[in-house]
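Residues per chain are reported as follows:
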Amino acid sequence: MFAGFSKNVGIDLGTANTLVYVKGRGVILREPSVVAVHRDSGEVEAVGSRARDMIGRAPSNISVIRPMKDGVIADFDTTAAMMNHFIRQSLRKRSIFTGRPNVMVCIPSGITPVEKRAVEDATKQAGAKEAYTIEEPFAAAIGSGLPVWEATGSMIVDIGGGTTEVAIVSLGGIVTSRSLRTAGDEMDEAIISYIKKKYNLLIGERTAEEMKWTIGTAGEGNDEETMDVRGRDLVSGLPKTIPVSSEEMVEALDETVRAIIDTVRNTLEEAPPELASDIMDRGIVITGGGSLLRNLDLVISRETNIPVTVSEHPLDSVVHGTGEALANIRMFQSKSGVTSRANRKR
């Protein structure tokens, strides 16, 4: 089934998006983690971008599912089908594969053993020769170019779709970490709730996401912007358009941003004094899609009194770190951040 596959494949199986990485080729696939399933037959109708385009537009006999919830598998069968589709899609992109792959998948640092096994089983069901897992913040630190093997403390904040992963790494391992199931998706939900409460206007997930990237900001800045937002008036039931400002987005996102900042501060409080001193000197690196929210780095820096920088490639740092880890698997197998499970015959 997987004739022609590469030896090593890294997968960032995210709540919002799934990325596939091959060493030397980079990210060869980037698709939304969305699946459209026929309600009666259970057959998969669409995966990825095609399925995402069906959100809010699908007929009653089609369910549009996001099988990943808060960074973990919420629907095992659908996730396995999605991974199968993405791996096959990768196969069609390039003739770079030779035999069944070893696959490494990143997982949240706060994952339970049951949730971790579900990821491994889904990876094997998708055709992996051997399934490895790596904790997401450790992969993000590697992909962001932090000196994870040195005897110095580095702090990474990975804000994805379903989780915010905060970790302090040193000497090839995670010293302390926290996993917060509040991230990009909760920002979208906060915007939907704010617009509904203030304007009696119901908007969809995609509109909320567009607002987040167009006028969203974590703190007030000099560039005030306004966006026309369309939705359904809950009083009249008719379509309606209203102007929304970036200043209102600060208010809408305040609770979510505050939760992320509190998690960063709590993680810092748990750091050994020597590592805390290193972080004061080296600063904090934020990555993931959520790190692109305007002024978030400035707000975190102001609240912690520590310099904050955004990773050079925030959308790809986790999958790049996952691929790098798999390319050096012998080194990583002895570290706590990486585990493996062979694809044994049953």
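These lines cover the structure that appears in this document, whether it is placed above or below. (Residues numbered from 1 in each chain as written. Predicted model: local features only at pLDDT ≥ 70, side-chain atom pairs only at ≥ 80, totals over all residues. Heavy atoms only, no water.)

Comments concerning the overall build of the chain
As a reminder, the rule being used: Secondary structure elements follow DSSP: runs of H or I no shorter than four residues count as helices, runs of E no shorter than two count as strands, and numbering proceeds from the N terminus. Exposed residues in this analysis have more than 50% of their type's maximum accessible area, buried residues have under 20%, and partly exposed residues fall in between, with area computed by a 1.4 Å probe over protein chains only. Any two residues whose heavy atoms approach within 4.5 Å at even a single point are treated as in contact. We get accessible surface area from the Shrake-Rupley algorithm with a probe of 1.4 Å; when it comes to residues, only the shown protein chains can shield them.
Assigned secondary structure in the chain consists of eleven helices and 19 strands. Taking all 346 residues of the chain together, 53% fall into the buried category. Long-range pairs, those at least 24 residues apart, make up 65% of the contacts in the chain between residues at least 6 apart in sequence. In the structure as shown, the chain presents an accessible area of about 15,900 Å², 45% of it carried by carbon and sulfur atoms.

Some remarks on helix α9 (residues 296-304)
Quick note on the threshold: Think of the arc as the fan of directions from the helix axis to the C-beta atoms.
By the burial criterion, the buried members of α9 are Leu 296, Val 299, Ile 300 and Thr 304. One side of α9 holds all its buried residues, which, seen down the axis, span an arc of 115°. Opposite its buried face, α9 presents the exposed residues Leu 298 and Arg 302, each directed more than 90 degrees away. The secondary structure elements touched by the buried residues of α9 are β11 (154-159), α7 (246-269), β17 (284-287) and β18 (308-310).

Focus: the nonpolar core
Inside soluble globular proteins, nonpolar side chains tend to come together where they are buried. Definition in use: Side-chain atoms within 4.5 Å link the members of a nonpolar core, which is a set of buried Ala, Val, Leu, Ile, Met, Phe, Trp, Tyr and Cys residues. Domain start and stop positions are those given by an automatic or database domain assignment.
Counting 41 residues, the largest nonpolar core has Ile 195, Ile 203, Met 211 and Ile 284 as the members making the most contacts within it. Considering every element that reaches this core, the biggest residue donor is α7, with eight residues. Counting the residues that make up this core, at least three belong to each of domain 1 (145-182 + 255-312) and domain 2 (184-252). For Ile 284, the contacting residues outside a window of four places in its chain are Met 155, Val 157, Val 264, Leu 268, Ile 279, Thr 304, Ile 306, Pro 307, Val 308 and Thr 309. One finds Val 9, Val 20, Val 72 and Met 82 within the second-largest nonpolar core, a separate group that totals 26 residues.

Some thoughts on the sheet that holds strand β13 (residues 173-180)
What counts here: Pairing between strands is defined by DSSP: at least two bridges between them are needed. Helix axes are fitted only over the stretch in contact, all axes being lines through C-alpha atoms; the angle between N-to-C directions runs from 0 to 180 degrees.
The strand order across the open sheet formed by five strands is β13-β12-β11-β17-β18, and the pairing between neighbours is mixed. Pairing within the sheet leaves two strands with one partner each, and these edge strands are β13 and β18. Taken over all neighbouring pairs, the strand axes of this sheet differ in orientation by 20° on average, direction set aside. Bridge count for β17 against β18 is three bridges, and the pairing is parallel. By the bridge assignment for β18, Val 285 is matched with Thr 309.

So yeah, pure geometry; function would need other evidence.
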